[in-house]
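Single-letter residue listing:
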Amino acid sequence: MTATNEQIAELFEEMGALLEMKGDTIFKIRAYQRAARTIEQLSSPLAQAVENGENLTKIPGVGKAISEKIAEFIKTGQVAAHQKLLNELPSGVLELKEIPGIGPKTAMAISQELGITTVAGVAEAAEDGRLATLPRMGKRAAENVLRHIKAVDSMGDRTPIGQALSVAEEVIAALRAKCPEIESMFPAGSLRRWEETIGDIDLIGTAPDPEAVGDALVSLPMVKDVLVHGPKKTSVVVDSGMQIDLRIGEPGAFGAMLQYFTGSQQHNIRLRDFANRKGLSLNEYGITDTETGEVEKFADEESFYARLGLPLIPPELRTGLYELDAGLEDRVPTLVEESDLKGDLHLHSEWSDGNDPIELMIEAAAVQGYEYMALTDHSAGLGVANGLSNERLVSQIELLHTMQQKYDITILCGSEVDIRANGELDFPDEILAQLDVVVASVHSAMGQDRATMTARMIKAMEHPSVTIIGHLTTRLLGQRQSVEFDLEAVLQAARDTGTALEINASPERLDLKDTHAYRARELGVPLVINTDSHHHTHLDKRRFGVAVARRAWCRPEDVLNTLSREKFLEFIRTPKPHRLSVFDKRRGGTVPA
Ligand code: DGT
Ligand code: CA
Ligand code: CA
Ligand code: ZN
């Protein structure tokens with residue numbers, strides 16, 4: 001067995017947690033945690049070092065005992081001391097510790113005092129009040145635990161789009177490498193509609209020999225299970241656990257196939273009813289005249305929709321809700337595209353919890369073709385994320401001013417400032433007033449009740465220096481549910497105060513989500529698509545944010561950071577809420593009633 005550094009780090013992390021559950025000394029617990037973190041960051045494999053007989057104790061945080069355990073793990077695939085700990089503790093408690101809001105000690109208390117060892121059991125205890133009675137818990141904390149469990153449950157077997165898209169891209173690349181004769185290949189289904197979670201990946205394409213593509217798919221190294229391998233369809237499960245459905249069509253009839261397998265099912269049902277009333281029937285091969293039985297084929301989707309008297313409906317709008325009526329009345333908007341964005345207003349550097357120096361982040365923004373960008377490192381807040389003190393922020397502002405001379409892109413001085421539990425901000429007003437862009441975000445006290453949270457958000461928006469509210473709901477897809485708040489009141493306050501709301505493009509967040517952004521757009525709230533990048537390679541995650549905006553029916557003029565540099569500067573330099581006039585003017589002077 002060749003253990004990777006990651007596996008070794010995980011082992012020590014787990015041993016630390018197990019010792020904590022047992023109530024061992026903090027000294028011993030920390031030693032394992034420290035070793036785990038060091039090992040995680042080593043650049044060369046420990047397995048190699050052990051094989052070469054190197055002395056591991058020269059690695060900081062690795063003493064004699066730990067180095068022996070590393071060698072034992074690499075040689076035997078397990079560690080006796082770890083197994084012993086596992087045997088001493090009730091089974092299931094490690095799983096409890098994985099629930100956000102439950103640490104090792106609480107996991108142990110749940111198991112010993114409530115006799116619970118399953119996540120479902122914890123959810124029950126949270127509902128009936130038993131969980132709240134434990135030390136370090138209380139009513140709000142117990143409610144939060146329940147929210148986290150529900151967030152995970154609500155995902156079911158679905159995969160967040162960020163992960164699903166990577167899997168799809170990997171499979172397509174591998175298929176193309178194996179089968180160079182493939183003419184076209186891309187995702188259909190929910191992935192093409194940019195849903196936030198994906199059930200399975202539907203790949204469709206064209207190739208001279210369709211069966212050869214199916215054969216290639218089942219032989220890919222990442223395939224761990226073959227479900228269907230037939231002439232029309234091949235379905236496999238890849239090692240990440242996702243199912244891939246592959247269908248190859250003929251080029252001359254590809255439009256109908258693409259349309260059919262893009263869905264949504266609800267869109268297709270409504271489209272089929274509509275076609276039936278015209279004496280036409282739809283399937284994945286084309287459009288049939290029900291009277292003559294004649295089948296018409298379409299090379300692309302545009303001609304398919306045109307045959308039905310409809311404009312091409314963008315996949316993101318195909319929910320079966322509003323898009324057919326809009327199509328019939330010629331009201332399908334030109335949706336915002338990545339190339340419409342002129343700036344990114346939420347970027348972190350190594351000054352707080354980002355990975356990269358400021359220069360790298362500026363250059364990355366320039367590479368995207370942006371006219372402006374805002375550096376928004378964290379405020380000190382609760383000591384999280386290496387936030388900036390007043391002094392560090394002031395010196396960062398000075399530094400950015402000198403750096404500006406080297407770049408064409410306009411560098412805006414910003415901050416992602418914590419909204420404290422009482423709605424106040426984490427920097428004094430006179431410092432905030434020196435910033436060009438202030439992103440205010442909730443990072444703490446997420447368990448507040450609805451009324452308190454709503455008031456907290458609105459208070460932050462009423463602050464004259466707050467430009468944007470970051471990731472409004474704080475949800476993390478499949479990990480943490482949204483905070484509780486009155487959406488309508490908050491959106492209305494955003495409009496009234498002239499505060500923009502962020503569509504956080506990070507695929508773990510997608511916050512605002514599509515339906516919230518839809519309503520915000522209706523109310524005339526300026527929306528901003530930001531990546532919240534912590535690494536210079538993350539700026540291209542904007543595509544996920546653009547997808548949310550498109551699913552919210554946003555045109556370029558509904559998105560604030562499509563404004564040119566000149567107009568954007570005019571927006572931020574005009575006091576709130578009057579700055580809305582800059583935004584409204586671009587939207588065609590339409591101030592919503
Ligand atoms: P998912 O996989 O749950 O994220 O969602 P989809 O939309 O990708 O659904 P999926 O994979 O079952 O099917 C892909 C598309 O194929 C779907 O959006 C519409 C079409 N489709 C598949 N089966 C049916 C069906 O039985 N009836 C209709 N009308 N359309 C279907
Ligand atoms: Ca699918
Ligand atoms: Ca499917
Ligand atoms: Zn944040």
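Residues numbered from 1 in each chain as written. Chains lettered and ligands numbered in written order. Predicted model: local features only at pLDDT ≥ 70, side-chain atom pairs only at ≥ 80, totals over all residues. Heavy atoms only, no water.

1. Quick word on the overall build of the chain
- A tally of helices and strands in the chain yields 25 helices and 17 strands.
- Against the globule reference of 25 Å for 593 residues, the chain gives a C-alpha radius of gyration of 27 Å, in line with a compact fold.
- Relative to its 593 residues, the chain shows a buried fraction of 53%.
- For the chain, long-range pairs separated by at least 24 residues make up 68% of all intrachain contacts whose partners lie at least 6 apart in sequence. (Helix = DSSP H or I, 4+ residues; strand = E, 2+ residues; numbered from the N terminus. Rg over C-alpha atoms; globule rule 2.2 N^0.38 Å. Buried < 20%, exposed > 50% of the residue type's maximum accessible area, 1.4 Å probe, protein only. Contact = heavy atoms within 4.5 Å.)

2. Things to note about the site of ligand 1
- Around ligand 1 sit 16 residues in total, of which Arg-158, Ser-190, Arg-193, Gly-199 and Asp-200 are the nearest.
- A distance of 2.9 Å is found between an oxygen atom of ligand 1 and a side-chain nitrogen or oxygen belonging to Arg-193.
- Protein contact buries 72% of the 600 Å² of open area that ligand 1 shows by itself.
- Elements supplying a minimum of two residues to the shell around ligand 1: helix H11 (189–192), helix H13 (254–262) and helix H14 (265–277).
- Across the shell around ligand 1, the residue classes tally to three nonpolar, eight polar and five charged.
- Both domain 2 (159–249) and domain 3 (254–328) contribute no fewer than three residues apiece to the shell around ligand 1. (Near = heavy atom within 4 Å. Polar contact = N/O pair within 3.5 Å; in protein donor to acceptor, adjacent residues only side chain to side chain. Areas by Shrake-Rupley, 256 points an atom, 1.4 Å probe, with all protein chains shown as cover. Nonpolar A, V, L, I, M, F, W, Y, C, P; charged D, E, K, R; others polar. Domains from an automatic or database assignment.)

3. Re helix H2 (residues 26–41)
- Across its 16 residues, H2 extends 23 Å between first and last C-alpha, which sits within 8% of the 22 Å expected from 1.5 Å per residue.
- By the burial criterion, the buried members of H2 are Ile-29, Tyr-32, Gln-33, Ala-35, Ala-36, Thr-38 and Ile-39.
- Contacts from the buried residues of H2 go to helix H1 (5–22), helix H3 (46–51) and helix H4 (64–76). (Expected span 1.5 Å × (residues − 1).)

4. Considering the coordination of the calcium ion (ligand 3)
- Protein-derived ligands of the calcium ion (ligand 3) are Asp-200 (OD), Asp-200 (OD), Asp-202 (OD) and Asp-245 (OD), with the metal-ligand distances lying across 2.3 to 2.6 Å.
- The metal-metal distance between the calcium ion (ligand 3) and the calcium ion (ligand 2) is 3.7 Å, with Asp-200 serving as a donor to both. Of this pair, Asp-200 sits in the loop between strand E3 (197–198) and strand E4 (201–206) while Asp-245 sits in strand E7 (residues 243–249), and the two are 45 residues apart along the sequence.
- Under the relative-accessibility criterion, Asp-200 is labelled partly exposed at 23%. (Donors = N, O, S within 2.8 Å, 3.2 Å for Na, K, Ca; no water.)

5. Describing the coordination of the zinc ion (ligand 4)
- Listed as protein donors to the zinc ion (ligand 4) are Glu-416 (OE), His-443 (NE2) and His-471 (NE2); their distances from the metal cover 2.1 to 2.3 Å.
- Here the donor residues for the zinc ion (ligand 4) map to a single chain with the spacing E-x26-H-x27-H. Placement of the pair is His-443 in the loop between strand E14 (437–441) and helix H20 (450–462) and His-471 in the loop between strand E15 (468–469) and helix H21 (487–497), with a sequence separation of 28 residues.
- Residue classification places His-443 among the partly exposed positions, given a relative accessible area of 23%.

6. Considering helix H7 (residues 104–113)
- Counting buried positions along H7 yields seven of 10 residues, so the element is predominantly enclosed.
- Within the span of H7, buried status applies to Pro-104, Thr-106, Ala-107, Met-108, Ala-109, Ile-110 and Ser-111.
- Looking at the packing, one finds that the buried side of H7 touches H1, helix H6 (93–97) and helix H8 (119–128).
- Of the residues one or two after H7, Gly-115 is the one with positive phi, at around 65°.

7. Some words on the sheet that holds E4
- Taken in spatial order, the five strands line up as E2-E4-E7-E6-E5 in an open sheet, and their pairing is mixed. The outermost strands of the open sheet, each flanked by one partner alone, are strand E2 (184–187) and strand E5 (223–229). For this sheet the average axis-to-axis angle between neighbouring strands, irrespective of direction, equals 20°.
- Bridging between E4 and E7 involves six bridges; their strand directions are parallel. Looking at the pairing, Ile-201 lines up with Ile-244 of E7.
- Here helix H10 (residues 161–178) sits on the sheet and contacts E2, E4, strand E6 (234–238) and E7; the angle it forms with E2, its principal contact strand, is near 165°.
- Helix-sheet contacts for H13 involve E2, E4 and E7, and the interaxial angle to E4 is about 175°. (Pairing = 2+ DSSP bridges. Axes fitted to C-alpha atoms, helices over the stretch in contact; angles between N-to-C directions.)

8. Some thoughts on the sheet that holds strand E8 (residues 280–283)
- Taken in spatial order, the three strands make up an open sheet running E8-E9-E10, and their pairing is antiparallel. A strand with exactly one partner marks an edge of an open sheet, and here the two such strands are E8 and strand E10 (295–296).
- Pairing between E8 and strand E9 (residues 286–289): four bridges, direction antiparallel. Counted as the bridge partner of Leu-282 is Ile-287 from E9.

9. Brief notes about the packing of aromatic side chains
- In total, this model carries 10 aromatic pairs according to the counting rule given.
- Centre to centre, the rings of Tyr-372 and Phe-568 are 4.7 Å apart; their planes meet at 5°, and the pair counts as stacked. With Tyr-372 in strand E12 (residues 372–375) and Phe-568 in helix H24 (residues 565–573), the pair connects residues that are 196 residues apart, well separated along the chain.
- With 6.4 Å between their ring centres and 20° between their planes, Phe-568 and Phe-571 make a pair best called stacked. With Phe-568 and Phe-571 both in helix H24, this residue pair falls three residues apart, about one helical turn.
- A relative accessible area of 0% places Phe-568 in the buried class.
- Exposure remark for Phe-571: the relative accessible area of 0% places this residue in the buried category. (Phe/Tyr/Trp six-rings, centres within 6.5 Å; stacked < 30°, edge-to-face > 60°.)

10. With respect to a negative patch on the surface
- On the surface, Glu-6, Glu-10, Glu-13 and Glu-40 cluster together into a patch of negative charge.
- Counting residues per element, the negative patch draws most heavily on H1, which supplies three residues.
- Checked against the element boundaries, Glu-10 lands in helix H1.
- Note on Glu-10: relative accessible area 52%, which makes it exposed. (Patch = residues over 30% accessible without salt bridge, like charges linked within 9 Å, V, L, I, M, F, W, Y side chains within 5 Å. Salt bridge = Lys/Arg side-chain N within 4 Å of Asp/Glu carboxyl O. Lys, Arg positive; Asp, Glu negative; His and termini not counted. Charge placed at Lys NZ, Arg CZ, Asp CG, Glu CD.)

11. A word on the pattern of salt bridges
- The tally for this structure, following the rule as stated, stands at 31 salt bridges.
- In this structure, Glu-329 and Arg-331 form a salt bridge, with 2.8 Å as the shortest nitrogen-oxygen distance.
- Residue classification places Arg-331 among the partly exposed residues on the basis of a relative accessible area of 46%.
- Through salt bridges that share partners, Arg-193, Glu-195, Asp-514 and Arg-551 make up one connected network.

12. Section: unusual backbone geometry
- For the bond running from Gly-263 to Ser-264, omega is -5°, close enough to zero to count as cis.
- Mapped onto the elements, Ser-264 comes out in the loop between H13 and H14.
- A cis amide bond links Asp-511 with the next residue in sequence, Leu-512, at an omega value of 0°.
- The phi dihedral of Trp-194 falls on the positive side, at around 60°, and the residue is not glycine.
- Relative to the elements of secondary structure, Trp-194 occurs in the loop between H11 and E3.
- Here the phi dihedral of Asp-532 falls at roughly 55°; this positive angle occurs in a residue that is not glycine.
- With respect to the helices and strands, Asp-532 occurs in the loop between strand E17 (527–530) and helix H23 (542–551).

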